Amino acid sequence: MKFNTKVIHGNQHHEEVTGAVMPPVFQTSTYAQVSPGKPVGDYEYSRAANPTRQALEDALASIENGARGLAFASGLAATDCLLRLFKAGDEIIAMDDLYGGTYRLFTRLYKDSGIKFHFVDMNDLEKFQSLINENTKLVWVETPTNPLMKLADIAEIAKITKKHNLLFAVDNTFATPYLQKPLDLGADIVMHSATKYLGGHSDVIAGALVIKDKALGDELHFKQFATGGTLGPMDSFLVLRGIKTLHLRVQRHCENGEKVANFLANHPDVDKVFYPGLPDHPFHEIAKKQMSGFGGMVSFTFKSGKKEDAISFLEKVKVFTLAESLGGVESLANHPTTMTHASIPEDKRLEVGITDDLVRLSVGVEDIDDLLADLEQAFR
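Source: prediction; values computed, not measured.

J.: Is there a simple way to explain the overall build of the chain in this structure?
T.: Summing up its helical and strand segments, the chain has 14 helices and 14 strands in all. Its C-alpha atoms give the chain principal-axis dimensions of about 75 × 50 × 35 Å. Evaluated residue by residue, the chain yields a buried proportion of 55% over its 380 residues. Long-range pairs, those at least 24 residues apart, make up 73% of the contacts in the chain with a sequence separation of at least 6. Summed over all atoms, the accessible surface of the chain reaches about 16,100 Å², with 51% contributed by carbon and sulfur. Within the chain, one finds 40 positive and 50 negative side-chain charges whose respective centroids are separated by 3 Å.

J.: What is the right way to look at the sheet that holds strand E3 (residues 68–72) in this model?
T.: The strands that make up a sheet pair up through hydrogen bonds in the backbone, lying either parallel or antiparallel. Strand order in this open sheet of seven strands is E3-E9-E8-E7-E6-E4-E5, and the pairing throughout is mixed. Whereas interior strands pair on both sides, the edge strands pair on one side only; in this sheet they are E3 and strand E5 (116–120). When the angles between neighbouring strand axes are averaged without regard to direction, this sheet yields 20 degrees. Contacting strand E4 (91–95), E5 and strand E6 (136–142), helix H4 (residues 100–109) crosses the sheet at an angle of about 140 degrees to E5. Helix H6 (residues 154–163) contacts E6 and strand E7 (167–171) of the sheet and is inclined by roughly 160 degrees relative to E7.

J.: It is not clear to me how helix H10 (residues 246–265) should be interpreted in this structure. Could you clarify?
T.: Working note: α-helix, 3.6 residues per turn, so residues spaced by three or four point in the same direction. An ideal rise of 1.5 Å per residue puts 28 Å on 20 residues; H10 measures up with 28 Å between its terminal C-alpha atoms. All of the buried residues in H10 are Leu246, His247, Arg249, Val250, His253, Cys254, Asn256, Gly257, Val260, Ala261, Phe263 and Leu264.

J.: I tried to follow the pattern of salt bridges on my own but got confused; where do I start?
T.: Between side chains of opposite charge, pairing is possible as soon as their charged atoms come close. For the coordinates displayed, the defined rule picks out 11 salt bridges. A salt bridge links Lys159 to Glu156, with the nearest nitrogen and oxygen atoms 3.0 Å apart. Taken as a pair, Lys159 and Glu156 lie in helix H6 at a separation of three residues, close to a single helical turn. Classification of Lys159 as exposed rests on a relative accessible area of 53%. Judged by its relative accessible area of 27%, Glu156 falls in the partly exposed class. Notably, a salt bridge pairs Lys288 with Glu285, separated by 3.3 Å at the nearest N-O pair.

J.: Mind showing me how you'd approach the environment of Gly114 here?
T.: With respect to the secondary-structure elements, Gly114 resides in the loop between H4 and E5. A sequence separation of 24 residues divides Gly114 from Asp90, and the C-alpha atoms of the two residues are 7.5 Å apart. Apart from the residues within four sequence positions on either side, Gly114 is in contact with Ala88, Gly89 and Asp90.

J.: Sorry, what's going on with the packing of H10 against helix H14 (residues 368–378) here?
T.: Each packed pair of helices is defined by two parameters, the angle between the axes and the distance between the axes. The contact between H10 and H14 brings their axes to 10 Å, and the two run at 30 degrees. In this view, H10 runs roughly parallel relative to H14, as classed from their interaxial angle. You can see that H10 and H14 cross each other, and the crossing is right-handed. Along its contact with H10, which presents Asn256, Lys259, Val260 and Phe263, the element H14 presents Ile368, Leu371, Leu372, Leu375 and Glu376.

J.: Which parts of the structure should I look at to understand the side chain of Ser343?
T.: Along the polypeptide, Ser343 turns up in the loop between strand E13 (332–334) and helix H13 (346–352). Engagement of the side chain of Ser343 in a polar contact is seen with the backbone oxygen of Gly100, the distance being 3.2 Å. Among residues more than four places away in sequence, those in contact with Ser343 are Gly100, Gly101 and Arg104.

J.: Any chance you could explain the sheet that holds strand E14 (residues 359–362) here in plain terms?
T.: If you walk across this open sheet you meet the five strands as E10-E11-E14-E13-E12, and the pairing is mixed. Across the chains shown, the open sheet's two edge strands, defined by having one partner strand only, are strand E10 (270–274) and strand E12 (321–322). In this sheet, E13 lies alongside E12 in parallel orientation, the contact comprising two bridges. Residue pairing for E13: Leu322 is matched across the bridge by Ala333.

J.: Hey, could you run me through the nonpolar core in this one?
T.: Inside soluble globular proteins, nonpolar side chains tend to come together where they are buried. Counting residues in hydrophobic clusters, the biggest one holds 110 residues, and the most contacted among them are Met122, Leu264, Phe300, Phe313 and Leu361. Element by element, the count of residues in this core is highest for H10, at seven residues. Excluding anything up to four places from it in sequence, Phe300 contacts Leu264, Val270, Lys272, Val273, Phe274, Phe313, Asp357, Leu358, Val359, Leu361 and Phe379.

J.: Teacher, can you tell me more about the packing of aromatic side chains here?
T.: Evaluated as defined, the whole model comprises 11 aromatic pairs. Both rings, one in Phe3 and one in Tyr178, keep their centres 5.8 Å apart while their planes meet at 55 degrees; by these two values the pair is tilted. Note that Phe3 is positioned in helix H1 (residues 3–9) and Tyr178 in helix H7 (residues 176–179), a separation of 175 residues in sequence. Grouping residues by exposure puts Phe3 and Tyr178 together as buried. Ring pairing ties together the aromatic residues Phe300, Phe302, Phe313 and Phe379, which thus form one cluster.

Cut-offs and rules
- Residues numbered from 1 in each chain as written.
- Predicted model: local features only at pLDDT ≥ 70, side-chain atom pairs only at ≥ 80, totals over all residues.
- Heavy atoms only, no water.
- Helix = DSSP H or I, 4+ residues; strand = E, 2+ residues; numbered from the N terminus.
- Buried < 20%, exposed > 50% of the residue type's maximum accessible area, 1.4 Å probe, protein only.
- Contact = heavy atoms within 4.5 Å.
- Areas by Shrake-Rupley, 256 points an atom, 1.4 Å probe, with all protein chains shown as cover.
- Lys, Arg positive; Asp, Glu negative; His and termini not counted.
- Charge placed at Lys NZ, Arg CZ, Asp CG, Glu CD.
- Pairing = 2+ DSSP bridges.
- Axes fitted to C-alpha atoms, helices over the stretch in contact; angles between N-to-C directions.
- Expected span 1.5 Å × (residues − 1).
- Salt bridge = Lys/Arg side-chain N within 4 Å of Asp/Glu carboxyl O.
- Parallel < 35°, antiparallel > 145°, perpendicular 65-115°, else oblique.
- Left-handed = near helix turned anticlockwise from the far one by under 90°.
- Polar contact = N/O pair within 3.5 Å; in protein donor to acceptor, adjacent residues only side chain to side chain.
- Core = buried A, V, L, I, M, F, W, Y, C linked by side-chain atoms within 4.5 Å.
- Phe/Tyr/Trp six-rings, centres within 6.5 Å; stacked < 30°, edge-to-face > 60°.

Below, the structure is given as structure tokens:
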């Protein structure tokens, strides 16, 4: 199947009893058994497996070309499950520009675990390789990054991780499998905040892991089952429904995102625009190499460099909504230093380029004329 068919039919089956075309919401915690230890069907307890969640997990595996998909209560729950593969003394190399929640998880919740984290610009492959040693177990990359839209060359990094027998995980939240398929490029694991583009309607909190190797997928499923960070059936249904229109939505996100980026690039009040679709973006060639489109996320700074100008702009938007999150059908605007990335220390933010005048836009699927008019009036 091609991708646009996979999002609707990939690994999906009509419900056996009624023939329901859409998987029902199996709102149940437990399942009948005919004898102790002998369930009627394949299910015993919904923390281990639920038919609605299974349908979603099968769809996730299909669209990312993986062996197994796992659905979690959030993207951070998915990341936390992955980290449970490691023990004290292990080392993890991560990209230096990360979602604030991921950075918080790595540096605060796991700071006393004995796991050592290194943060590096993944485009400096020489420096990246210098950090690899006998204790290195995982390489974690976010591409494009949140909020500076940096990219990393997945295929080149995969050559290095394979050479050293390291696990390679990619946060594919911003790109989605419609635009980028990390497993095909050499990664071992893909993570999603399914709250964002996969769900697509700002009505669910969810996360996902898609694993290339079945044995590793089974090991992660055991950790998920044992720690309990699973996704409920109603939320699973909502994400599965969202996936069925992923290709349609992301196509429009890309169209609108490119037009917004070009508008900002030509605005007299704007200094820098961070969007991989712009020819002068430092990672434009990588984007063309590994992505089939450039997405709907755009960040920018002001020529004044003033936080006050960013705040004033964000207070004036009307079609865009000032809010956390991204990837929904509606356009959202965000101030990273006081919102999504507030948990990152100021010196670390400035080190990677997250300044107080930075604004991040999640460009939705509204009429582009209305979006551009809203941006124009917010600059006044």
